[in-house]
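Letter by letter, the chains look like this.
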Amino acid sequence: MLPYFDRKHDMFGPNSAQRASLNVPSTAARERKKVALAPGHSPLDWARVSTSTPSYKLRGVAPDTPPPPYVKVTKDELKLHKSQEDCWTCINGKVYNVTPYVNFHPGGVEEIMKCAGKDGTSLFNKYHSWVNVDRMLGSCCVGVFSASK
């Protein structure tokens, strides 16, 4: 015979109705700003662009530039790339040229520009902790961040 559990205090925690009655912020309070993307700028469009464009073009480097693991990017170099037309950011120790991605960003240009020319790891992880940045922006990786000059 199975043991009897009091529905109010069972071993599985509160049920969905009980969780709904807890003091949880409303959906409206948790919602982030949504931006209407231009036609041709959906996540699927970015997937097509990032797999069909030569990586040196997405990286914003010459075709004979060494692969990203061999390119060191200093903080001073990173700071130089902070405009919408030339935008680099560092995420988890890797520097990405996000210039080709700026108009594909679901949060809009304004949001992604908050990381332009600097380390955007904490901001990226705050809003995109589930996103694999290497999968999404790997073809845009310029090199590895080097704190030393």
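This section reports on the structure supplied with the text. All values reported here derive from a predicted model rather than from experimental measurement.

Thoughts on the side chain of Thr89
Then, number 1: Note that Thr89 resides in strand β3 (residues 86-91).
Then, number 2: Of the polar contacts made by the side chain of Thr89, one reaches the backbone oxygen of Cys115; its length is 3.0 Å.
Then, number 3: Only 3.0 Å separates the side chain of Thr89 from the backbone oxygen of Lys118, close enough to count as a polar contact.

Overview of the environment of Ile91
Then, number 1: Tracing the backbone shows Ile91 in strand β3.
Then, number 2: Put simply, Ile91 and Asp134 are 43 residues apart on the chain and 9.4 Å apart in space, counted from C-alpha to C-alpha.
Then, number 3: If near-sequence neighbours (up to four positions away) are discounted, Ile91 is found in contact with Tyr96, Gly120, Thr121, Phe124 and Val133.

Topic: the sheet that holds strand β1 (residues 72-74)
Then, number 1: Spatial strand order, β1-β5-β4-β3-β2: 5 strands in an open sheet with mixed pairing. Edge positions in the sheet fall to β1 and β2 (82-83), since each has one partner strand and no second.
Then, number 2: Of the pairings in the sheet, the one linking β2 to β3 comprises 2 bridges and is antiparallel in character. Considered in β3, the bridge of Ser83 is made with Asp86.

Let's talk about the pattern of salt bridges
Then, number 1: Tallied over the entire structure, the rule returns 3 salt bridges.
Then, number 2: Between Arg48 and Asp45 there is a salt bridge whose closest N-O contact spans 4.0 Å. In this pair, Arg48 and Asp45 are both assigned in helix α3 (residues 43-52), 3 residues apart and thus about one turn of the helix distant.

Regarding the packing of aromatic side chains
Then, number 1: Per the counting criterion, the structure on display carries 2 aromatic pairs.
Then, number 2: Here Trp46 and Tyr101 contribute two aromatic rings whose centre-to-centre distance is 5.0 Å and whose plane-to-plane angle is 70°, an arrangement assigned as edge-to-face. Of the two residues, Trp46 sits in helix α3 while Tyr101 sits in the loop between β4 (94-97) and α6 (109-112), which places them 55 residues apart along the sequence. Neither Trp46 nor Tyr101 differs from the other in exposure class; each is buried.
Then, number 3: Note on Trp46 and Phe104: the rings are 5.2 Å apart at their centroids and 55° apart in plane angle, and the pair reads as tilted. You can see Trp46 sitting in helix α3 and its partner Phe104 sitting in the loop between β4 and α6, a full 58 residues away along the chain.
Then, number 4: For Trp46, a relative accessible area of 4% corresponds to the buried category.
Then, number 5: The rings of Trp46, Tyr101 and Phe104 are connected pair by pair, giving a single aromatic cluster.

Each value, and the rule that gives it
Residues numbered from 1 in each chain as written. Predicted model: local features only at pLDDT ≥ 70, side-chain atom pairs only at ≥ 80, totals over all residues. Heavy atoms only, no water. Helix = DSSP H or I, 4+ residues; strand = E, 2+ residues; numbered from the N terminus. Polar contact = N/O pair within 3.5 Å; in protein donor to acceptor, adjacent residues only side chain to side chain. Contact = heavy atoms within 4.5 Å. Pairing = 2+ DSSP bridges. Salt bridge = Lys/Arg side-chain N within 4 Å of Asp/Glu carboxyl O. Phe/Tyr/Trp six-rings, centres within 6.5 Å; stacked < 30°, edge-to-face > 60°. Buried < 20%, exposed > 50% of the residue type's maximum accessible area, 1.4 Å probe, protein only.

From the geometry alone we can't say anything about function, so treat these as descriptive.
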